[in-house]
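# Summary of structural features
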Amino acid sequence: MPFSEDHELFRESLKRFVQEEILPHVEEWEEKEETPRSLFEQMGELGFLGAEYPPEYGGGGADFRMSVVLAEELARCRSGGVAFGVIVHTDMSSPWLVHFGTEAQKRRYLPDIILGRKICALAITEPDTGSDMAALSTRAVRDGDDWVLTGAKTFITNGVNGDLYFVAARTRDGGPRRERLSQFLVERDTPGFSVGRKLKKTGMLASDTAELVFDEVRVPGENLLGAEGQGFAQLVSGLQRERLMAAVLCVSAARQALEDCAEYLNQRHAFGRPLSRFQALAHRLADMATEAEAARQLTYHAASLFASGQECTRVVSMAKLYATEMANRVAYHAVQMHGGYGYMREYAVERFARDYRLWPIASGTSEIMREIISRDLLR
Ligand SMILES: Cc1cc2nc3c(=O)[nH]c(=O)nc-3n(C[C@H](O)[C@H](O)[C@H](O)COP(=O)(O)OP(=O)(O)OC[C@H]3O[C@@H](n4cnc5c(N)ncnc54)[C@H](O)[C@@H]3O)c2cc1C
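A quick note: this is a predicted structure, and the numbers were derived from the prediction, not measured.

### Remarks on the site of the ligand
Looking at the ligand, there are 18 residues lining it, with Leu122, Thr125, Ser131, Thr365 and Glu367 nearest. Thr157 places a polar side-chain atom, nitrogen or oxygen, 2.8 Å from a nitrogen atom of the ligand. At 2.7 Å from an oxygen atom of the ligand is found a side-chain nitrogen or oxygen belonging to Glu367. Isolated, the ligand exposes 980 Å² of accessible area, and the fraction of that covered by the protein chains is 64%. Taken together, the elements giving at least two residues each to the shell around the ligand come down to β1 (120–123), β3 (146–157) and α12 (366–378). A per-element tally of the shell around the ligand places β3 first, with three residues. Class assignment of the residues belonging to the shell around the ligand gives a composition of ten nonpolar, six polar and two charged.

In structure tokens:
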């Protein structure tokens, strides 16, 4: 994927930011199981959160490659959770506002989103419905000029610390399944809205994950995103970006794990020589690196198609499937190569293995990716 001088300058300043402002705090944030709001504000001030957004709202007006650079560099912060929380804000929720929002909605919310003063979350998944998005049951009923939302969501990233929630709800019972959903912008302090439990997870500890409760939450008509009945189509189009970003994070973090492995194999000795001299391990490292490079090229190919506005659902699904599963194969072997140390919390590969186990599940499971790819092939 060709990156220009501007992309590389952005990369350099992000690298420095990750080194100086994130890495020293990662242990603390993992322990507390959340990333502080101040990180969003700091990143916002430095222009990292709105690189792609239109300048009239405070954004940088850059292209999609800039967002790829953001995800690549954040993935190297040694906490999948920190990267996840930020990318949910920049690439997995707020882009819907740019693409489908009205001028008034953009003016109202985008400047604060870009400055990291309003943290965004995407609320699709419900206790009884995940993959089968069209079956979700949170309901929005029209009442005069308002909509009244009732239901529950779960597994919502940035759910605890969110300010603006992109909420998918059912607005029709009849008609085609894909025309029954709409999306709403729900502000945190809206009466009837509450954050339920903060959920305990296996990994991604620095990203907060919550249940959300909607008890007759009244939102004004102007908080409907786009047209009524368009929610499913909006979500499907936005999910391409989300899945690409998942692939980018996985490729970048896997490359870092490979660097950790190479260093460890050179430094650790057994039977009188460095581990790197055992062909079984060196060849395994070669296989891991080959898979990571294949995933990178497929992801860049999908990202290029996406950036140029071409139909890319099949290739994006392939990139998401392959890169997220590759990261987990790399994680398994990286832990194995580190022996007992690979099972210890102070070693980065241990967290990588826990954190990246999420990605074949979130943003569309591997099974759903295979379903999308095979349906397209068999059509
Ligand atoms: C840490 C974390 C953060 C998350 N963040 C968010 C968020 O911010 N916002 C949000 O809305 N959601 C979020 N999610 C939810 C996530 O996207 C869902 O967990 C995911 O889509 C799967 O849904 P589910 O858990 O209900 O599993 P289910 O849909 O119940 O699936 C269970 C199993 O059945 C398989 N399956 C389902 N349908 C099929 C099929 N047709 N063919 C074959 N197999 C199938 C699945 O692949 C899976 O293996 C998050 C989840 C986690 C764990």
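### So, the pattern of salt bridges
Taken as a whole and assessed by the stated rule, the structure comprises 35 salt bridges. A salt bridge links Lys200 to Glu33; the shortest N-O distance between them is 3.6 Å. Of this pair, Lys200 sits in the loop between β6 (193–198) and β7 (209–220) while Glu33 sits in the loop between α2 (26–32) and α3 (37–45); the two residues are 167 residues apart in sequence, bridging distant segments of the chain. A residue is classified by how much of its surface remains accessible, and Glu33, at 17% relative accessible area, is buried. Here Asp376 makes a salt bridge to Arg314, at a shortest N to O gap of 2.6 Å. Taken as a pair, Asp376 in helix α12 and Arg314 in helix α10 (residues 313–337) lie far apart in primary sequence, 62 residues in all. One network of salt bridges, in which partners are shared, links Glu8, Arg11, Lys15, Glu72 and Glu73.

### A look at the packing of helix α4 (residues 64–74) against helix α9 (residues 279–307)
At a minimum axis separation of 10 Å, α4 and α9 run at an interaxial angle of 145°. Of α9, the residues touching α4 (which contributes Phe64, Arg65, Val68 and Glu72) are Tyr300, Ala303, Ser304, Phe306 and Ala307. Its residues assigned to classes, the contact of α4 with α9 comprises six nonpolar, one polar and two charged.

Cut-offs applied
Residues numbered from 1 in each chain as written. Predicted model: local features only at pLDDT ≥ 70, side-chain atom pairs only at ≥ 80, totals over all residues. Heavy atoms only, no water. Near = heavy atom within 4 Å. Polar contact = N/O pair within 3.5 Å; in protein donor to acceptor, adjacent residues only side chain to side chain. Areas by Shrake-Rupley, 256 points an atom, 1.4 Å probe, with all protein chains shown as cover. Helix = DSSP H or I, 4+ residues; strand = E, 2+ residues; numbered from the N terminus. Nonpolar A, V, L, I, M, F, W, Y, C, P; charged D, E, K, R; others polar. Salt bridge = Lys/Arg side-chain N within 4 Å of Asp/Glu carboxyl O. Buried < 20%, exposed > 50% of the residue type's maximum accessible area, 1.4 Å probe, protein only. Axes fitted to C-alpha atoms, helices over the stretch in contact; angles between N-to-C directions. Contact = heavy atoms within 4.5 Å.

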